[in-house]
Amino acid sequence: MRLGLAFKAFFQILMNRQAADAYRRLIDTATKSGSVPDAAVVADASTTTSKSEASATTKSAARRDAVPAKPLRNDAITLLATLQRESRLIDLLQESLDDYSDQQVGAAARDVIRDARKSMERMFAIVPLTEQVEGDSMQTEGEVDPGRIRLIGNVQGNGPFCGAITHHGWEASKCELPSWSGRAESSRVIAPIELEVD
């Protein structure tokens with residue numbers, strides 16, 4: 001019986017640092033008190049330590065599972081990829097326009113703008129910040145939020161300010177980007193290579 005406990009304690013001390021520390025504490029206590037620690041006590045201490053380690057590992061794994069995984073791809077890349085896929089916007093922006101006439105550029109841009117607008121509407125449902133139109137008079141509240149109203153022209157003192165609207169502003173009434181489930185090494189790809197196989 002003691003031989004089995006001794007082997008059990010030996011291997012737990014050999015393989016488990018916390019079990020070794022527990023045994024060392026028992027030896028130190030026994031040396032001071034003059035008694036010899038039982039191998040069963042060491043084995044029990046080692047088993048208790050192992051169980052607490054396993055419990056801590058399980059709890060840690062549960063916490064990792066509860067935390068949502070960090071997305072593999074930046075939302076800005078997802079937006080660019082969507083606009084490229086649905087309207088070829090990146091192709092148009094990256095194309096050198098030197099060899100094309102204004103009419104050719106306009107004709108190409110028409111389709112891209114139409115398709116990009118559909119994509120933006122679906123993902124963001126963009127609406128004007130005000131129902132008033134350019135040229136209308138508008139008065140601000142006392143404190144102006146620079147995120148919503150940009151003051152230009154002869155700006156002096158504190159609000160309220162009164163002036164003519166030169167741009168009505170835009171606001172996204174929603175934000176629903178497509179989800180991405182590709183590989184990590186492709187996380188920055190905006191458009192894949194297209195290969196026509198013979």
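Quantities reported herein were computed from a predicted structural model and do not represent experimental measurements. (Residues numbered from 1 in each chain as written. Predicted model: local features only at pLDDT ≥ 70, side-chain atom pairs only at ≥ 80, totals over all residues. Heavy atoms only, no water.)

**Thoughts on the overall build of the protein**
Along the backbone of the protein there are 6 helices and 4 strands. Listed N to C, the secondary structure of the protein is α-α-α-α-α-α-β-β-β-β in terms of helices and strands. Taking the intrachain contacts of the protein between residues at least 6 apart in sequence as the baseline, contacts between residues at least 24 apart amount to 72%. (Helix = DSSP H or I, 4+ residues; strand = E, 2+ residues; numbered from the N terminus. Contact = heavy atoms within 4.5 Å.)

**Some remarks on the pattern of salt bridges**
Here the structure, examined in full by the defined rule, presents 8 salt bridges. For D115, the salt bridge identified is with R114, shortest N-O distance 3.3 Å. Taking the relative accessible area as the measure of exposure, R114 reaches 41% and is therefore partly exposed. One salt bridge in this structure joins R148 and E171, with 3.6 Å as the shortest N-O distance. Taken together, the residues R148 in the loop between strand 2 (137-139) and strand 3 (162-164) and E171 in strand 4 (residues 170-172) connect sequence positions 23 residues apart. Residues joined by salt bridges that share partners form a network here, namely R85, E86 and R122. (Salt bridge = Lys/Arg side-chain N within 4 Å of Asp/Glu carboxyl O. Buried < 20%, exposed > 50% of the residue type's maximum accessible area, 1.4 Å probe, protein only.)

**Considerations on the layout of surface pockets**
The method is simple in principle: a probe with the dimensions of a water molecule rolls over the atoms, and the space it marks as empty is what remains. Considered as a void within the structure, the largest pocket measures approximately 710 Å³ in volume. Lining the largest pocket are 24 residues; nearest its centre among them are I149, R150, L151, I165 and H167. Of all the elements, strand 3 adds the most residues to the lining of the largest pocket, at 3 residues. Among the residues forming the lining of the largest pocket, the class breakdown is 12 nonpolar, 10 polar and 2 charged. Here the second largest pocket is characterised by a volume of approximately 190 Å³. Taken together, R117, M120, E121, I126 and W170 form the lining of the second largest pocket. The element that contributes the greatest number of residues to the lining of the second largest pocket is helix 6 (residues 102-124), accounting for 3 residues. (1 Å grid on protein atoms, 1.4 Å probe; cavity = no way out; pocket = protein on both sides within 12 Å on 5 of 7 lines; lining within 4 Å. Points joined across faces, edges and corners; volume = space filled by probe spheres on them. Nonpolar A, V, L, I, M, F, W, Y, C, P; charged D, E, K, R; others polar.)

**Structural notes on unusual backbone geometry**
Its identity is not glycine, yet R88 carries a phi of approximately 60°, on the positive side. The class of R88 is partly exposed, set by a relative accessible area of 40%.

**Points about the side chain of Q84**
Relative to the elements of secondary structure, Q84 occurs in helix 4 (residues 75-87). Here the side chain of Q84 touches I90 through a polar contact of 3.1 Å, landing on its backbone nitrogen. Sequence-distant contacts of Q84, defined by excluding residues within four places in its chain, comprise L89, I90, D91, I190 and A191. (Polar contact = N/O pair within 3.5 Å; in protein donor to acceptor, adjacent residues only side chain to side chain.)

**Quick word on the environment of C175**
Structurally, the position occupied by C175 is in the segment after strand 4. With relative accessibility at 56%, the residue C175 sits in the exposed group. Here the alpha-carbon distance between C175 and R122, two residues 53 residues apart in the chain, equals 9.0 Å. If we skip the residues at most four places from it in the chain, C175 touches M123 and F124.

**Some details on the confidence of the model for the protein**
For the protein, the average pLDDT comes to 81, and 71% of its residues sit at 70 or higher. Per-element averaging of pLDDT across the protein places helix 3 (residues 39-66) at the bottom with 58 and strand 4 at the top with 96. (pLDDT = per-residue confidence, 0-100.)

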